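Structure assessment
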Amino acid sequence: MGKLPNIGKYPFRAEPFRCDFTKHLFIGNLGNDLLNTADFHSNDRGYGVIFLQSIHKTWVLSRLAIELEKVPYIYEKFNIETWVDSVMRFFTSRNFKISNDEGTIFGYGKSIWAMIDTDSRQPIDILEINNGVISQYLEKDYFNPIEKLSRVKISENLQLVKTLEPKFCDIDINGHVNSIKYIEHIFDLFPLKIFQTKRVKRLEIAYITESHIGEVLHFYTDKAIETEQNETAIRITKDSEVGEIEVCRSKVVFCGI
C-alpha cells in the first residue's frame, strides 16, 4: 500500500444520545469526535496510540480550540477532516475542519499535542518515533481560518464557583482526568438559561498539568458566567503540598442562536 493522503476525513452523526436538550450535539461529544479523528489519522499513518503503547509512549493534548458557525443537529451527518501542519521536537500542531457532504462548514479546530513516556511521564522527542514518520505527513497548504491558539489570558480577579473530586468516569487510559471531561465540567458551571438563548462560538482550553483520582479540583470564573457578557474565563486548580496549582485554563465565547 502506498503513502496515505496527508489529510484524513472521517464520517460522524449527531445521534440522539449525544445531543443536548436543544437537540444539538453536546460540545463535549464534538470534542471527543475531534480526538477520535486525531487517533484514527495517526494510527493509520504509523504514529498513533496503537503503536505507541507497544513502546510505552502516548499522546497528550496540550491545547485545543474549537470555533463554530453551527452545531450539528440531531441525526445530522458531518465529516471531520484532520491534518498536521507542523512538528517540532516535543510538540505537534493538528488541525480540524467540520463540514458535511453538501458543503456546509460547521467550524474548525486547532490543537497542540505532546508525546510522553508512560512510565516516566517525561516528554519524548516526537521526531525519533518510528523513524520520524510523522514528518512524511505534514500538510501546510490546507487553510484553517480560525485564530491561533493562545495560553488563554486569565484575570487574577476570579471567584471560586465549584469544587469537585474526580471519580472513575473522569479518568482515561493514561490514568489522569480525561481532556474532554474538563470541558464537560466547565459547561456544567453555566446556568441552563444561557444555553436556551445562546450557543458556543469558541471554546479554548490550555492544559497545564495532570490531575488524578483523589485530587480535589477547584473551578474559578469571572462574573460573566452570571451576566449577559458573552465571554467567560475559567481557571481550574488542584490542591498540592505547596497550595493550589493550576491544572488548566479555558475561555468560552457565546453568541446568539
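Residues numbered from 1 in each chain as written. Predicted model: local features only at pLDDT ≥ 70, side-chain atom pairs only at ≥ 80, totals over all residues. Heavy atoms only, no water.

A closer look at the overall build of the protein chain
Applied cut-off: Each helix is a run of DSSP H or I of at least 4 residues and each strand a run of E of at least 2, with the numbering of both proceeding from the N terminus. Only C-alpha atoms enter the radius of gyration; for comparison, a globular chain is expected to reach 2.2 Å times N to the power 0.38, where N is the number of residues. Throughout, exposure labels follow a simple rule: accessible area from a 1.4 Å probe, protein chains only, divided by the maximum for the residue type, with under 20% read as buried, over 50% as exposed, and the rest as partly exposed.
Within the protein chain one finds four helices and ten strands. In the protein chain, the succession of α and β elements from N to C terminus is β-α-α-β-β-β-β-β-α-α-β-β-β-β. On C-alpha atoms alone, the protein chain measures out to a radius of gyration of 18 Å, which is about the 18 Å that the 2.2 N^0.38 rule sets for 257 residues. Along the first, second and third principal axes, the C-alpha atoms of the protein chain reach 55 × 50 × 30 Å. Out of the 257 residues belonging to the protein chain, those deemed buried represent 53%.

Regarding the domain arrangement of the protein chain
Definition in use: Where each domain starts and ends comes from a domain assignment, either automatic or drawn from a database. Residue contacts follow a heavy-atom distance rule, with two residues in contact if any of their heavy atoms lie within 4.5 Å. Accessible area, probed at 1.4 Å, shrinks when two parts are joined; the buried area is that loss added up over both.
Domains assigned within the protein chain are domain 1 (7-136) and domain 2 (159-256). On a C-alpha basis, the centroid separation for the pair domain 1 and domain 2 is 20 Å. Opposite the 24 residues of domain 1 that make contact, domain 2 presents 21 residues. Interface area, domain 1 with domain 2, both sides summed: about 1,800 Å², of which 54% is carbon and sulfur.

Here we look at the sheet that holds strand S6 (residues 159-164)
Condition: For two strands to count as paired, DSSP must find a minimum of two bridges between them. For helices, the fitted axis covers only the stretch in contact; all axes are lines through C-alpha atoms, and the angles between them, taken along N-to-C directions, range from 0 to 180 degrees.
The antiparallel open sheet is built from ten strands, whose spatial order is S1-S3-S4-S5-S2-S7-S10-S9-S8-S6. Edge positions in the sheet fall to strand S1 (8-13) and S6, since each of these pairs with one other strand and no more. Between one strand axis and the next, the sheet turns by 25° as a mean value, whatever way the strands run. Pairing geometry for strand S9 (residues 231-238) and strand S10 (residues 245-256), over eight bridges, is antiparallel. Note on S10: the bridge partner recorded for Lys238 is Ile245. Across the sheet, helix H3 (residues 179-187) lies against strand S2 (57-68), S6, strand S7 (198-207), strand S8 (217-221), S9 and S10, angled at about 135° from S7, the strand it touches most.

Points about the UniProt feature "domain: Acyl-ACP thioesterase N-terminal hotdog" (unreviewed entry) in the protein chain
As a reminder of what qualifies: UniProt positions are given in the numbering used here, feature names are shortened, and annotations may be inferred rather than shown by experiment.
Following the UniProt record, one finds the feature "domain: Acyl-ACP thioesterase N-terminal hotdog" (unreviewed entry) at residues 18-127. For residues 18-127, the helix share is 22%, the strand share is 41%, and the end-to-end C-alpha distance is 36 Å.

A look at the pairing of S2
S2 sits mainly inside the fold: eleven of its twelve residues count as buried. In this sheet, strand S5 (residues 105-117) lies alongside S2 in antiparallel orientation, the contact comprising eleven bridges. By the bridge assignment for S5, Thr58 is matched with Ile116.

Examining the packing of helix H1 (residues 27-44) against H3
Selection rule: Any angle that is under 35 degrees is reported as roughly parallel, and any over 145 degrees as roughly antiparallel; angles of 65 to 115 degrees are reported as roughly perpendicular and all others as oblique. Crossing handedness: left-handed means the near helix sits turned counterclockwise from the far one by under a right angle, and right-handed means the same turn made clockwise. Basically, the charged four are Asp, Glu, Lys and Arg, the nonpolar ten are Ala, Val, Leu, Ile, Met, Phe, Trp, Tyr, Cys and Pro, and anything else, Gly included, counts as polar.
It is at 9 Å that the axes of H1 and H3 come closest, and there the two elements cross at 165°. One element, H1, and the other, H3, form an angle in the roughly antiparallel class. Once H1 is placed against H3, the crossing between them reads as right-handed. Within the contact between the two elements, H1 uses Ile27, Gly28, Gly31, Asn32 and Leu35 and H3 uses Ile180, Glu184 and Phe187. When its residues are assigned to classes, the contact of H1 with H3 shows four nonpolar, three polar and one charged.

Looking at the state of the cysteines
Any covalent bond linking the sulfur atoms of two cysteines counts as a disulfide. Operational definition: When the sulfur atoms of two cysteines come within 2.5 Å, that pair is taken as a disulfide.
The final tally for this structure, using the stated rule, is zero disulfides. In this structure Cys19 is not part of a disulfide, and its nearest cysteine sulfur, from Cys255, lies 18 Å away. You can call Cys19 buried: its relative accessible area is 10%. Free cysteine Cys169: the closest other cysteine sulfur is in Cys248, separated by 19 Å. On the accessibility criterion, Cys169 (57% relative accessible area) is exposed.

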